[in-house]
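# Topology and contacts: notes
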Amino acid sequence: MLSGAGKPETRSAIILRLLRAKRGASIGELMEVTGWQAHSVRGFLSGTVRKTLGLALESKIGAAGERRYQLPKA
């Protein structure tokens, strides 16, 4: 994917964008867009999003029984 400046969007930026979306994102969706395995996505969420960036990541189980992750609106 390309960012507005014509540069390729990083995997980190893609994940953060999806986490900020109204629906949030599931592990499966994040795996699909990054090409990472599940443990790598979970490690990014825990290590980078929560610890390094200090963002309050929310985790909810939806009506379909699938866990979705989301960053709350600022």
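Presented here is an overview of the structure given in this document. For clarity, every value in this text was computed on a predicted model and none was experimentally measured.

## A closer look at the packing of helix α1 (residues 11–20) against helix α3 (residues 38–52)
The packing of two helices is summarised by the inter-axis angle and the distance between the axes. Running from amino to carboxyl end, α1 crosses α3 at an angle of 90°, the nearest separation of the two axes being 12 Å. Between α1 and α3, the crossing angle belongs to the class labelled roughly perpendicular. In contact with Ser12, Ile15, Leu16 and Leu19 of α1, α3 contributes Phe44, Leu45 and Val49. Of the residues that constitute the contact of α1 with α3, the class distribution is six nonpolar, one polar and no charged.

## With respect to the pattern of salt bridges
With the rule as written, the count across this model stands at five salt bridges. Glu29 serves as the salt-bridge partner of Arg23, at 3.9 Å between the closest nitrogen and oxygen. When its relative accessible area of 58% is taken as the criterion, Arg23 is described as exposed. Taking the shortest distance from any N to any O, the salt bridge between Glu66 and Arg68 comes out at 3.3 Å. Assessed through its relative accessible area of 12%, Arg68 is described here as buried. Via salt bridges that share partners, Arg23, Glu29, Glu66 and Arg68 belong to a single interconnected network.

Definitions and cut-offs
- Residues numbered from 1 in each chain as written.
- Predicted model: local features only at pLDDT ≥ 70, side-chain atom pairs only at ≥ 80, totals over all residues.
- Heavy atoms only, no water.
- Axes fitted to C-alpha atoms, helices over the stretch in contact; angles between N-to-C directions.
- Helix = DSSP H or I, 4+ residues; strand = E, 2+ residues; numbered from the N terminus.
- Parallel < 35°, antiparallel > 145°, perpendicular 65-115°, else oblique.
- Contact = heavy atoms within 4.5 Å.
- Nonpolar A, V, L, I, M, F, W, Y, C, P; charged D, E, K, R; others polar.
- Salt bridge = Lys/Arg side-chain N within 4 Å of Asp/Glu carboxyl O.
- Buried < 20%, exposed > 50% of the residue type's maximum accessible area, 1.4 Å probe, protein only.

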